Amino acid sequence: MAAPSFDLIDVIRTIQKRKILIIVITVLAVAVGALFHTVKKKKYQGEARFFVNNPLYGDRNTLFRQFETRYVDYFGGDDDLDKITALGNSDTVRDRIIRNCEFEKIYKMGDLNKDTAHAAYMSIFSKNFNLKRTEFKDIVVTYIAYDPATAAGVANMSVQVLEETFRHYYTSMKKGMSASINNSIKKLDSSINMLTDSLANLRDKYGIYNIISPARQNVTTGEMKGGGKGYGLAMEQIQNIESMKDQYVTDRAHDLSLLNEFAASASDSIDYLKMITRAVPPTSPTGPSLMMTLMITGGLGLFFSIIYVLMAAYFSKLKAMLG
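Residues numbered from 1 in each chain as written. Predicted model: local features only at pLDDT ≥ 70, side-chain atom pairs only at ≥ 80, totals over all residues. Heavy atoms only, no water.

Chemist: So what exactly am I meant to see when it comes to helix α8 (residues 148-206) here?
Modeler: Residues three or four positions apart in an α-helix share a direction because the helix packs 3.6 residues into each turn. With 59 residues, α8 should cover 87 Å at 1.5 Å per step; its first-to-last C-alpha distance of 84 Å lies within 8% of that length. His168 marks where α8 bends most, by close to 30°. Backbone geometry just downstream of α8 places Gly207 in the positive-phi region, at approximately 70°. (Helix = DSSP H or I, 4+ residues; strand = E, 2+ residues; numbered from the N terminus. Expected span 1.5 Å × (residues − 1). Bend = angle between axes of the 7 residues up to and from the residue.)

Chemist: Looking at this structure, I do not really get unusual backbone geometry. What am I missing?
Modeler: Glycine aside, residues mostly have negative phi angles, and peptide bonds mostly take the trans form. Residues other than glycine seldom take positive phi values, yet Glu102 does so here, at roughly 55°. With respect to the helices and strands, Glu102 occurs in the loop between α5 (91-100) and α6 (103-106). A positive phi angle is found at Lys108, which is not glycine, with a value near 50°. Note on placement: Lys108 falls in the loop between α6 and α7 (115-128).

Chemist: Honestly, the pairing of strand β1 (residues 44-52) in this entry has me stumped. Any pointers?
Modeler: In the case of a regular strand, side chains alternate between the two sheet surfaces. Residues Tyr44, Gly46, Ala48, Phe50 and Val52 point to one face of β1 and are all buried, whereas Gln45, Glu47, Arg49 and Phe51, pointing to the other face, are not buried. Here β1 pairs with strand β3 (residues 139-145) via seven bridges, running antiparallel. For Glu47, the partnering residue across the bridge sits in β3 and is Thr142. (Buried < 20%, exposed > 50% of the residue type's maximum accessible area, 1.4 Å probe, protein only. Pairing = 2+ DSSP bridges.)

Chemist: Please clarify how the sheet that holds strand β2 (residues 129-133) should be interpreted in this entry.
Modeler: Sheets are built from strands that pair by backbone hydrogen bonding, the pairs being arranged parallel or antiparallel. Strand order in the open sheet formed by four strands is β2-β3-β1-β4, with antiparallel pairing between adjacent strands. Across the chains shown, the open sheet's two edge strands, defined by having one partner strand only, are β2 and β4 (273-277). Neighbour-to-neighbour, the strand axes of this sheet turn through a mean angle of 25°, independent of strand direction. Along the sheet, helix α4 (residues 78-88) contacts β1, β2, β3 and β4; its crossing angle with β2, the most-contacted strand, is approximately 170°. (Axes fitted to C-alpha atoms, helices over the stretch in contact; angles between N-to-C directions. Contact = heavy atoms within 4.5 Å.)

Chemist: Explain a nonpolar patch on the surface to me, please; I cannot follow it from the model alone.
Modeler: A cluster of nonpolar side chains, contributed by Met292, Ile296, Leu300, Phe303, Phe304, Ile307, Met311 and Phe315, occupies part of the molecular surface with about 790 Å² of accessible area. Looking at the secondary structure, you find Met311 in helix α10 (residues 290-322). (Patch = residues over 30% accessible without salt bridge, like charges linked within 9 Å, V, L, I, M, F, W, Y side chains within 5 Å. Areas by Shrake-Rupley, 256 points an atom, 1.4 Å probe, with all protein chains shown as cover. Salt bridge = Lys/Arg side-chain N within 4 Å of Asp/Glu carboxyl O.)

Chemist: Quick question: what am I supposed to make of the environment of Tyr44 here?
Modeler: Relative to the elements of secondary structure, Tyr44 occurs in strand β1. On a C-alpha basis, the gap between Tyr44 and Pro55 in space is 34 Å, while along the polypeptide they are 11 residues apart. With residues up to four places along the chain from it excluded, the contact list for Tyr44 reads Tyr143, Ile144, Ala145, Tyr146, Asp147, Pro148, Ala151, Pro282, Thr283, Ser284, Pro285 and Thr286.

Chemist: So what exactly am I meant to see when it comes to the packing of aromatic side chains here?
Modeler: Within a pair of aromatic rings, the relevant descriptors are the distance that separates the centres and the angle that separates the planes. The tally for this structure, following the rule as stated, stands at 14 aromatic pairs. One aromatic cluster in this structure is built from Phe103, Tyr107, Tyr121, Phe125, Phe129 and Tyr143. We note Lys41 situated over the ring of Tyr146; from NZ or CZ to the ring centre the distance is 4.5 Å. (Phe/Tyr/Trp six-rings, centres within 6.5 Å; stacked < 30°, edge-to-face > 60°. Lys NZ or Arg CZ within 6 Å of the ring centre and 35° of its normal.)

Chemist: I'm lost on α4 in this one. Help?
Modeler: Within α4, burial applies to Asp80, Leu81, Ile84 and Gly88. Angular distribution of buried residues about the axis of α4 spans 100°; they occupy a single face of the element. Here the buried face of α4 lies against β1, α5, β2, β3, α8 and β4. (Arc of directions from axis to C-beta.)

Chemist: Honestly, the pattern of salt bridges in this entry has me stumped. Any pointers?
Modeler: Two side chains of opposite charge can pair, provided their charged atoms sit close to one another. Summed over all chains, the structure comprises 11 salt bridges. Residue Asp95 pairs with Arg99 through a salt bridge whose shortest N-O separation is 3.1 Å. Note that Asp95 and Arg99 are positioned in helix α5 at a spacing of four residues, about one turn of the helix. The salt bridge partner of Asp189 is Arg252, with a shortest N-O separation of 2.2 Å. With Asp189 in helix α8 and Arg252 in helix α9 (residues 231-265), this pair connects stretches of sequence that are 63 residues apart. Linked through salt bridges whose partners overlap, the residues forming this network are Asp78, Asp82, Arg133 and Lys137.

Chemist: Honestly, the nonpolar core in this entry has me stumped. Any pointers?
Modeler: Looking at soluble globular proteins, one finds that nonpolar side chains tend to be buried together. Core analysis: the largest hydrophobic core is formed by 35 residues, its most contacted members being Phe50, Val52, Ile84, Ile97, Phe103, Phe125 and Tyr143. Contributions of two or more residues to this core are made by β1, α4, α5, α7, β2, β3 and α8. Ranked by residues supplied to this core, first place goes to α8 with 10 residues. (Core = buried A, V, L, I, M, F, W, Y, C linked by side-chain atoms within 4.5 Å.)

Chemist: Just checking my understanding: could you explain the environment of Ala179 for this structure?
Modeler: Structurally, the position occupied by Ala179 is in helix α8. The class of Ala179 is partly exposed, set by a relative accessible area of 39%. Ala179 sits 84 residues away from Ala263 along the chain, and the two C-alpha atoms are 9.9 Å apart.

As structure tokens, this is what we get:
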């Protein structure tokens, strides 16, 4: 038995016959959409924008140029933007943000130090937080919350924590180098003091007060006075000790210069991120507007009501043919 025909003419006739039902369903769908939009708790989105500065601009080789001048771009490159994106998606940064913003007071889901509550707060943050790059090489940070002030506060705090973490990545290494150089200076101080005592004892013992260090090439030694047993050995010892001490003093001065350079480059006064748009509490909720909601729900109601009446008409015609 052939299937019943149901062409375009039948479709149009069916829609015309059941247009009242279609209109009723569409109106009900619009009413439901309006009710849902009215009852639904509004969410607000805070948005902050920032540029990534070039970390090399705060490097000691840039701050204290001694040789040729090389151009260093103020803005960070793609690699720096990738690092910021990676940090923004890390649990370490997100944990600091939710703690600084006191999520336990905002969402009230328990003690933040408990694993269950902490996991819930991290899930809430991940669901509402977004970080993306734009074609202008700036980064946009957004956060969605039920309270406008919370949305703006979390977005701004995210930028602050990202800046601190990104800066700490570089300054911590420089501070570690400074600590290593400082330890070297302390050892040099100890050696210099020991050599100074040895030189003072030898000079007083043999009465040799001339500068006889070969390391001081521009100094004239002058005439040596004195004598006696051990005098020649004393001169050689003084010469050796003076050369060692002079080298240690030179090394110490060089290390002090390096220490000052690393200390300057590791200063917290250098910003590694530059906020260009600070998040402010939004005045309008995020998501589709009332008109958009009505259009969507009305369109869905119209579409499904037409599908329903067409299927009902077709199956009714099929049943009549079989019966």
